[in-house]
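Close look at the chain arrangement
In case you want the letters, here they are:
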Amino acid sequence: MFLSQTKSNRFLTVHRNVTRPSPADIAAVLTLPITHPRFKVLRFMAEYKVQFEVFEGPLDLLLYLIKKEEVDIYEVNLTKLATQFIAHIDLMREFDLEIAGEFLVMASTLMYIKSRELLPVDQQVVVESEEDGEDPRWELIRQLVEYKKFKDAAAKLQVREATQENIFPRLPGKMEFASDAPAAKPDVSIFDLLNAVNVVLQRFAKVESSSREIYEDKWTVSEKIEYVMTVLNSRPSVRFAELFENASSRTEVICTFLALLELIRLKQLACTQPEAFEEIEIRKAAPAVVAAGVPPAVESGILPPGDHAEPPRGMEISANHPPGETPASTADETSAATDTRQS
Amino acid sequence: MELKFILESLLFSAQKPMSVKELRDVFATAATAEDAEEMATSLKKVKDEDVTAALEMLAGEHSTAARSYRLVCVAGSWQFVTQPEFAPWLKALVGVKARPSRLSQPALETLAIIAYRQPVTRAEVEQIRGVNIDGTMQTLLERGLVESTGRAEVVGRPQLYSTTTLFLEYFGLRGLEDLPAADELRRIVVEKPPAPVTVDPGLATAPPEQLKLENPEAKSENTETPQT
């Protein structure tokens, strides 16, 4: 029906007998000039092959034929449909496509329906199975309607599939409260700090024992509080020894250390030790605490005078700060948080 | 504080979609905290229906507000997702989602039949599609969209297949009842006309009483009187 019958019939007849052209055969054909009639047929084959492959089965092909006729499934002319279906199967055979058995079953069903139509009603044989209402025409249409609905449903799923690709879920970054301070070893006691500062002080022990120099006290605790806070504002944490790196004398070390203790007491700082025997790390107390209610002035390290006991210059550790007075050196996160909220 | 806003805050910060049960677990845990407020204690034994109702209300409010994101329930779990139209920018931000290649037409058809008719045997699917489905079934099983869920008590005890949770997630469905036109497709009942359809007028049988496929009235008639 699609082929120009006159020219190509001969070729197709030969082809049918050969059943399948060998690669050599095709190569031979392809070397022919483009104007050669056989070449045209081959091109024709290629085009149709593409078209046939989209049919998922006989029902799919039938639906395609019905759609082409632009009629409702219920109104379709089955005899005409049978003719077209078989023409397609013929075409598939001509083009050497493998025809699935399902197509042949459908073709025979259609032929059966068509043959019955040729007989007047009173002469039609009543097949046993049809007594209980199994009209092959009706059965076929029912099957077509059902298949059509699922095909439509599949199309809807396909739309959903495509839409779903464009939907992005909200995935908040993992909040790492847990690994913050509590995970690190939280209890750095006052003794750990004293040990640490003793190590630093040993640096000066030898120098100062040999020569005795008298000089004015240049450093105050409040200056050092400012210094510590400035360091910690610029970076998240600082190692204990780093704070004393620039210290030039014993007195300066002690001032810095007192500043540290003062800040810990005010719950501005937290000391942690990532692992046993490792260096103590100093960081700002949990951000929640700072945000919760610490005045910004304190936060930035400028302490309002009078609010805090300002120790006299050159004060000894033992004098004003016995270990008991600095309970917050462990800086327990939760208690710190509640305390600030309450105040 | 309203329940729905508590839920909103939970879903806003949740790392993964939350089912109603998981949300209730959160309420139970919150109520046992030492400093639990009255509100938290009162929600200790909040009912499933209340949570679901609050979530529905919340989802409704979000869709009315027509924001760039919405609250959805996929496979029973709630989460915030963006609207699809913002995909071009989101793709630039987070990269293209890692998703397997799209399903082929035969695979989609097979999947649709299994989804609506589950549990279903391979033969039943083949009967509807009119073709062999060995290959597509293999694909669907490999991709984890369908699974075997037992055997039919008929001759040969063939395997029954159903869709999986992944199927719901893949298509963004809340549940099987969320499938489009679920009622209609679960059991398509086509009424047989009193007189058989004539295939070729003038040939043999009486003029047909024909049905329109697209006619909604005809459709409803069909579904009302099941063919037995």
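Within each chain, residue numbers correspond to sequence positions counted from 1 in written order. Each chain gets a letter, beginning with A, and each ligand a number, beginning with 1, in the order they are written. Totals for whole chains, interfaces and linings use every residue, but because this is a predicted model, local features are given only for residues with pLDDT of at least 70 and side-chain atom pairs only at 80 or more, for both listing and counting.

**Points about the overall build of chain B**
Strands are runs of DSSP state E lasting at least 2 residues, helices are runs of H or I lasting at least 4, and numbering of each runs from the N terminus. Broken down by element type, chain B carries eleven helices and six strands. Counting every position in chain B, which comprises 228 residues, the buried fraction comes to 23%. Residue burial here comes from a neighbour count, namely the number of other C-beta atoms, placed from the backbone, that lie within 10 Å of the residue's own C-beta, with 20 or more meaning buried, 12 or fewer meaning exposed, and in between meaning partly exposed.

**A word on the overall build of chain A**
Within chain A, the secondary structure is distributed over 16 helices and three strands. With 343 residues in all, chain A has 23% of them scored as buried. Of all intrachain contacts in chain A linking residues separated by at least 6 positions in sequence, the fraction that spans at least 24 positions is 76%. Distance between backbone-placed C-beta atoms decides contact: two residues are in contact if it is within 7 Å.

**Considering the sheet that holds strand β1 (residues 237–239) of chain A**
Residues and elements named next belong to chain A. The three strands are arranged β1-β3-β2 in an open sheet whose pairing can be described as antiparallel. Whereas interior strands pair on both sides, the edge strands pair on one side only; in this sheet they are β1 and β2 (269–272). Mean inter-strand twist for the sheet, computed between neighbouring axes without regard to direction, equals 25°. Any two strands with at least two DSSP bridges between them are considered paired. Pairing analysis gives three bridges linking β1 to strand β3 (residues 281–284), with the strands arranged antiparallel. Residue pairing across strands places S237 opposite R283, the latter belonging to β3. Here, axes are lines fitted to C-alpha atoms. For helices the fit covers the stretch in contact, and angles between N-to-C directions go from 0 to 180 degrees.

**Notes on the sheet that holds strand β5 (residues 146–151) of chain B**
The strands that make up a sheet pair up through hydrogen bonds in the backbone, lying either parallel or antiparallel. Residues and elements named next belong to chain B. With antiparallel pairing, three strands are arranged side by side in an open sheet as β4-β6-β5. Edge positions in the open sheet fall to β4 (120–121) and β5, since each of these has one partner strand only. Two elements, β5 and strand β6 (residues 159–163), share four bridges in a ladder whose sense is antiparallel. Looking at β6, one finds that V146 is bridged to T163.

**Remarks on the packing of helix α4 (residues 58–69) of chain A against helix α5 (residues 78–94) of chain A**
All names here are of chain A. It is the contact of α4 with α5, at a shortest axis distance of 10 Å, that shows an interaxial angle of 120°. The angle between the axes of α4 and α5 places the two elements in the oblique class. Crossing of α4 against α5: the hand is right-handed. Contacts from L61, L62, L65 and I66 of α4 reach α5 at L81, Q84, F85 and H88. Looking at the contact of α4 with α5, its residues break down into six nonpolar, two polar and no charged. Angle categories are assigned with fixed cut-offs, so that under 35 degrees is roughly parallel, over 145 is roughly antiparallel, 65 to 115 is roughly perpendicular, and the rest are oblique. Crossing handedness follows the turn of the near helix against the far one: under a right angle anticlockwise gives a left-handed crossing, and clockwise gives a right-handed one. The classification used treats Ala, Val, Leu, Ile, Met, Phe, Trp, Tyr, Cys and Pro as nonpolar, Asp, Glu, Lys and Arg as charged, and all other residues, Gly among them, as polar.

**With respect to the pairing of β6(B)**
By the bridge criterion, two bridges tie β4(B) to β6(B) in an arrangement that is antiparallel. Counterpart to T121(B) in the pairing with β6(B) is L160(B).

**Quick word on the confidence of the model for chain A**
Residues and elements named next belong to chain A. The quantity known as pLDDT measures the predictor's confidence residue by residue, on a range of 0 to 100. On average, chain A scores 67 in pLDDT, and the residues at 70 or more come to 54%. Looking across chain A, the model is least confident in helix α1 (residues 5–18), with a mean pLDDT of 35, and most confident in helix α8 (residues 136–165), with 87. Considering only residues more than four positions removed or in separate chains, one finds that residues 1–19, a stretch of pLDDT under 50, has eight contacts. Segment residues 178–184 is flagged for pLDDT under 50; beyond a separation of four residues in sequence, or across chains, it makes eleven contacts in the model.

**Notes on unusual backbone geometry**
Between Q118(B) and P119(B) the backbone carries a cis peptide bond, its omega angle lying at -10°. Positive phi outside glycine occurs at K267(A), with the angle close to 60°. Here the phi dihedral of R157(B) falls at roughly 40°; this positive angle occurs in a residue that is not glycine.

**Focus on the nonpolar core**
We define the nonpolar core as any set of buried residues of the types Ala, Val, Leu, Ile, Met, Phe, Trp, Tyr and Cys, connected via C-beta atoms lying within 7 Å of each other. Ranked by size, the top nonpolar core spans 62 residues in total, and within it L62(A), L81(A), L144(A), L111(B), A112(B), I113(B) and I114(B) carry the most contacts. When neighbours within four sequence positions are excluded, L111(B) is seen to be in contact with L157(A), L103(B), L140(B), L145(B) and V146(B). Counting 29 residues, the second-largest nonpolar core is a separate cluster that includes L193(A), F244(A), L263(A) and I264(A).

**Topic: helix α4 (residues 48–65) of chain B**
With 18 residues, α4(B) ought to run about 26 Å at 1.5 Å a step, and its terminal C-alpha atoms sit 26 Å apart, in line with that. Looking at the residues trailing α4(B), positive phi occurs at A66(B), about 50°. Expected helix span is computed as 1.5 Å times (number of residues minus one).

**Remarks on helix α8 (residues 134–142) of chain B**
Residues and elements named next belong to chain B. What α8 keeps buried is the set T136, M137 and L140. With its buried residues spanning 100° around the axis, α8 presents them on a single face. Seen from the open side of α8, the exposed residues pointing more than 90 degrees away from its buried face are D134, Q138 and E142. Residues of α8 that are buried make contact with α6 (105–117), α7 (122–129) and β5. One or two residues past the end of α8 sits G144, with phi positive at roughly 75°. Relevant arc is that of directions from the helix axis to the C-beta atoms, nothing else.

**What to know about the confidence of the model for chain B**
Residue and element names in this part refer to chain B. Across chain B, the average pLDDT comes to 79, with 81% of residues at or above 70. Across residues 192–228 the pLDDT falls below 50, and counting only partners more than four positions away or on other chains, this stretch makes 62 contacts in the model. In the model output, the complex is listed with pTM 0.54 alongside ipTM 0.74.

**Some thoughts on the environment of Q268(A)**
Mapped onto the fold, Q268(A) is located in the loop between α12 (250–265) and β2. Distance from Q268(A) to K284(A), taken between C-alpha atoms, is 6.0 Å for residues 16 residues apart in sequence.

**Considering the interface of chain A and chain B**
At the interface, 47 residues of chain A touch 47 residues of chain B. Considering each element in turn, the side of chain A that touches chain B owes the most residues, 20 residues, to α8(A). The residue makeup of the side of chain A that touches chain B, split by class, is 22 nonpolar, eight polar and 17 charged.

**Focus on the packing of helix α6 (residues 101–117) of chain A against α8(A)**
Residue and element names in this part refer to chain A. Where α6 contacts α8, the axes come no closer than 10 Å and their chain directions differ by 135°. One element, α6, and the other, α8, form an angle in the oblique class. As for how α6 packs across α8, the hand of that crossing is left-handed. Facing T109, Y112 and I113 of α6, the residues of α8 in contact are P136, R137 and L140. Of the residues contributing to the contact of α6 with α8, the split by class is four nonpolar, one polar and one charged.

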